[in-house]
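An overview of the molecular structure
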Amino acid sequence: MSKLRVAAIVGSLRDGSYTRPACRHALAAAATFDGVQTNCIDLRELSLPVFDADADDAGDASALKARIGAADAVVLGTPVYHGSYSSALKNALDYCGFDEFEDTTVGLLCVAGGSFPTTTLDHLRSVCRALDAWVVPHQVAIPAARNSIEGGEIVDDGVGERVEVLGQRMVEYARIEPDPRTIESTQNVGAED
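The shown structure was predicted, so the numbers you read here are calculated from the model rather than taken from an experiment. (Residues numbered from 1 in each chain as written. Predicted model: local features only at pLDDT ≥ 70, side-chain atom pairs only at ≥ 80, totals over all residues. Heavy atoms only, no water.)

Of the regular secondary structure elements, the protein holds seven helices and eight strands. At 16 Å, the protein has a C-alpha radius of gyration in line with the 16 Å of a compact globule built from 193 residues. Based on the C-alpha atoms only, the size of the protein along its principal axes is roughly 45 × 40 × 30 Å. Out of the 193 residues in the protein, the part that is buried amounts to 46%. Pairs at least 24 apart in sequence give 76% of the contacts found in the protein among residues at least 6 apart. Split by element, the accessible area of the protein, about 9,400 Å² in all, is 47% carbon and sulfur. A gap of 5 Å separates the mean positions of the 16 positive and 29 negative side-chain charges of the protein. (Helix = DSSP H or I, 4+ residues; strand = E, 2+ residues; numbered from the N terminus. Rg over C-alpha atoms; globule rule 2.2 N^0.38 Å. Buried < 20%, exposed > 50% of the residue type's maximum accessible area, 1.4 Å probe, protein only. Contact = heavy atoms within 4.5 Å. Areas by Shrake-Rupley, 256 points an atom, 1.4 Å probe, with all protein chains shown as cover. Lys, Arg positive; Asp, Glu negative; His and termini not counted. Charge placed at Lys NZ, Arg CZ, Asp CG, Glu CD.)

In structure tokens:
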């Protein structure tokens, strides 16, 4: 079997981000499987101007799309901002489309300073469905992240276990043929119309 590639997109630009170590933890769990290569796509390290459909290849957009397109499974990691996902992640996803996500296994992970961060995961699930990605049922919300992540490491065993399961599911589900296309993806013709 050829190598399986699992990527994680860190949708936080903050230096002391809790999203970054959570994504790295998921990738470490995925890397425990034989033949798995991982790729941490840290949006903080890329130059991505605000998306403009007339300049859809600006900055590091080509590199971003190539890295995501090469992945068999992608974890979307984000902080919770105003009950949804970060503008950095939204901007990165706007540069992408079916070429990068169609039939790709996707896992969802969010971290919050407070509690009840699940709306963020619902929003991301809807976006992924429109891109015809295959979102796994297991998702991870980390409320009150400051209590679970310290010094760039997950210190709460329960949180660590949930994140590890997400990384494992990326590998397991990426090896399964995805379901047929959704009605949302067949009707979503994109920004060019």
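Further remarks concern the packing of aromatic side chains. Within this structure, the stated rule accounts for two aromatic pairs. With centroids separated by 5.0 Å and ring planes inclined at 85°, the aromatic side chains of Phe-51 and Tyr-95 adopt a geometry described as edge-to-face. Residue Phe-51 is found in the loop between β2 (36-42) and α2 (61-69), and its partner Tyr-95 is found in helix α3 (residues 87-95); the two are separated by 44 residues along the sequence. In this structure Tyr-95 comes out as buried when scored by relative accessible area, which is 4%. The aromatic ring of Tyr-18 is capped on one face by Arg-14, whose charged end is 5.3 Å from the ring centroid. (Phe/Tyr/Trp six-rings, centres within 6.5 Å; stacked < 30°, edge-to-face > 60°. Lys NZ or Arg CZ within 6 Å of the ring centre and 35° of its normal.)

Here the focus is the environment of Gly-83. Position of Gly-83 among the secondary structure elements: in the loop between β3 (73-79) and α3. Judged by its relative accessible area of 34%, Gly-83 falls in the partly exposed class. Distance from Gly-83 to Ile-9, taken between C-alpha atoms, is 19 Å for residues 74 residues apart in sequence. With near-sequence residues (within four places) excluded, Gly-83 lies in contact with Thr-119, Thr-120 and His-123.

A word on unusual backbone geometry. Of note, His-82 is a non-glycine position whose phi angle comes to about 50°, a positive value. In this structure, His-82 sits in the loop between β3 and α3. By relative accessible area, His-82 is classed as exposed at 88%.

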